[in-house]
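# Architecture and fold: a report
Listed here are the chains, written in short residue letters.
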Amino acid sequence: MRSLILLSCGILLWACSAETEKPRTNASSLVVSDAWIRQAPPGARVLAAYFTLRNNSAQDWELRHLDSPSFERVELHGVSFQDGMMRMKALLPLRLAADSELRLAPGGTHLMLTAPSQALAAGDTITLNLRFASASGQENNLSLEATVQDAPHGAMHEQ
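A brief structural summary. Numbering of residues starts from 1 in every chain and runs along the sequence as written. Note on the predicted model: pLDDT of at least 70 is required for a residue's local features to be given, and 80 or more for side-chain atom pairs to be given and counted; whole-chain, interface and lining totals, by contrast, use all residues. As a convention, hydrogens and water are excluded, and side-chain values are obtained from all of the structure's heavy atoms.

### Comments concerning the overall build of the protein chain
Convention followed: Every helix listed is a DSSP run of H or I at least four residues long, and every strand listed is a run of E at least two residues long, numbered separately from the N terminus. Partly exposed describes any residue whose relative accessible area lies between the buried limit of under 20% and the exposed limit of over 50%, with all areas from a 1.4 Å probe on protein chains only and scaled to the type maximum. It only takes one pair of heavy atoms within 4.5 Å for two residues to be counted as in contact. Areas reported as accessible are Shrake-Rupley estimates using a 1.4 Å probe. Residue values count occlusion only from the protein chains shown.
Helix and strand counts for the protein chain stand at one helix and 10 strands. Secondary structure elements of the protein chain occur, N-terminal to C-terminal, as α-β-β-β-β-β-β-β-β-β-β. Looking at the protein chain as a whole, 36% of its 159 residues qualify as buried. Across the protein chain, the fraction of contacts at a sequence separation of at least 24, relative to all contacts at a separation of at least 6, is 70%. By element, 55% of the accessible surface of the protein chain is carried by carbon and sulfur atoms, the whole surface being about 10,000 Å².

So this is what it looks like as structure tokens:
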């Protein structure tokens, strides 16, 4: 009976220490939601992807690289209006502050996906890879799945 009590106390102490352990910064501190790619007309060489990226950690992360096995090039672009014209600007590297969110949406910040390796149709799923670094030199890699969706030209997408 005494060994059962000691074993129970040991398990209880282990469980308590596991719960109070400080969380480590890893890929789970960077969370992606609502990832989608706008379906393009047949033969299109450029598509756009959108998602929400949340930094749940207490440190800043810098997005430094994007790629996908399904595209020759992936770039992060911001949209601005200058002299009455809409202009796109590459945004990498991009700082994502601690406890903040970045929303990629039509008409604003988005991923530009260039030279698809195959024709894409609504319902197809594509892998996108994001590579981050912190000021302290930590690296964080995040892969996400984005679904191709048919959305009317110029329509805002809300999920």
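Here the narrative resumes.
### Here's the deal with the nonpolar core
Let me state the cut-off plainly: Residues enter a nonpolar core if they are buried and are Ala, Val, Leu, Ile, Met, Phe, Trp, Tyr or Cys, with the set joined through side-chain atoms within 4.5 Å.
Ranked by internal contacts, the top residues of the largest apolar core, which has 32 residues, are Ile-37, Phe-51, Leu-111, Leu-113, Leu-128, Leu-130 and Phe-132. Examining the composition of this core, we find that six residues originate from one element, strand S2 (residues 46-55), more than from any other. Not counting residues within four places of it along the chain, the set of residues in contact with Leu-111 comprises Leu-47, Ala-48, Ala-49, Phe-51, Leu-66, Val-74, Glu-75, Leu-76, Leu-104 and Leu-128.

### A few points about the environment of Asn-55
Where we set the bar: We call two N or O atoms a polar contact when they sit within 3.5 Å, provided that within protein one can donate a hydrogen and the other can accept it, with sequence-adjacent residues counted only if both atoms are side-chain atoms.
Here Asn-55 lies in strand S2. For Asn-55, a relative accessible area of 0% corresponds to the buried category. Asn-55 sits 41 residues away from Leu-96 along the chain, and the two C-alpha atoms are 6.9 Å apart. A distance of 2.7 Å separates polar atoms of two side chains, one belonging to Asn-55 and the other to Ser-57. Only 3.2 Å separates the side chain of Asn-55 from the backbone oxygen of Leu-96, close enough to count as a polar contact.

### Focus: the pattern of salt bridges
Selection rule: Salt bridges are counted wherever a side-chain nitrogen of Lys or Arg sits within 4 Å of a carboxyl oxygen of Asp or Glu.
Counted according to the given criterion, the structure contains five salt bridges. We note a salt bridge from Arg-95 to Asp-60, for which the minimum N-O separation is 2.9 Å. Of this pair, Arg-95 sits in strand S6 (residues 94-96) while Asp-60 is found in the loop between S2 and strand S3 (61-67), placing the two residues 35 residues apart along the sequence. Residue classification places Arg-95 among the exposed positions, given a relative accessible area of 54%.

### Describing the environment of Leu-66
Locating Leu-66 in the fold gives a position in strand S3. Classification of Leu-66 by relative accessible area gives buried; the value is 6%. Along the backbone, Leu-66 and Phe-132 are 66 residues apart, and their C-alpha atoms lie at a distance of 9.3 Å. Sequence-distant contacts of Leu-66, defined by excluding residues within four places in its chain, comprise Val-74, Glu-75, Leu-76, Leu-92, Leu-111, Asn-129 and Leu-130.

### A closer look at the packing of aromatic side chains
In this description, a pair of aromatic rings is defined by centroid distance and the angle of the planes. What counts is decided by this rule: Any two rings among Phe, Tyr and Trp, with Trp reduced to its six-membered ring, count as a pair given centres within 6.5 Å; such a pair is stacked if its planes are under 30 degrees apart, edge-to-face if over 60, and tilted if neither.
A full pass over the atoms with the stated rule returns one aromatic pair. With 4.8 Å between their ring centres and 40° between their planes, Trp-36 and Tyr-50 make a pair best called tilted. A residue pair is termed long-range when its members are at least 10 positions apart, and Trp-36 in strand S1 (residues 30-38) and Tyr-50 in strand S2 qualify at 14 residues. No difference in accessibility class separates Trp-36 from Tyr-50, as the two residues are buried.

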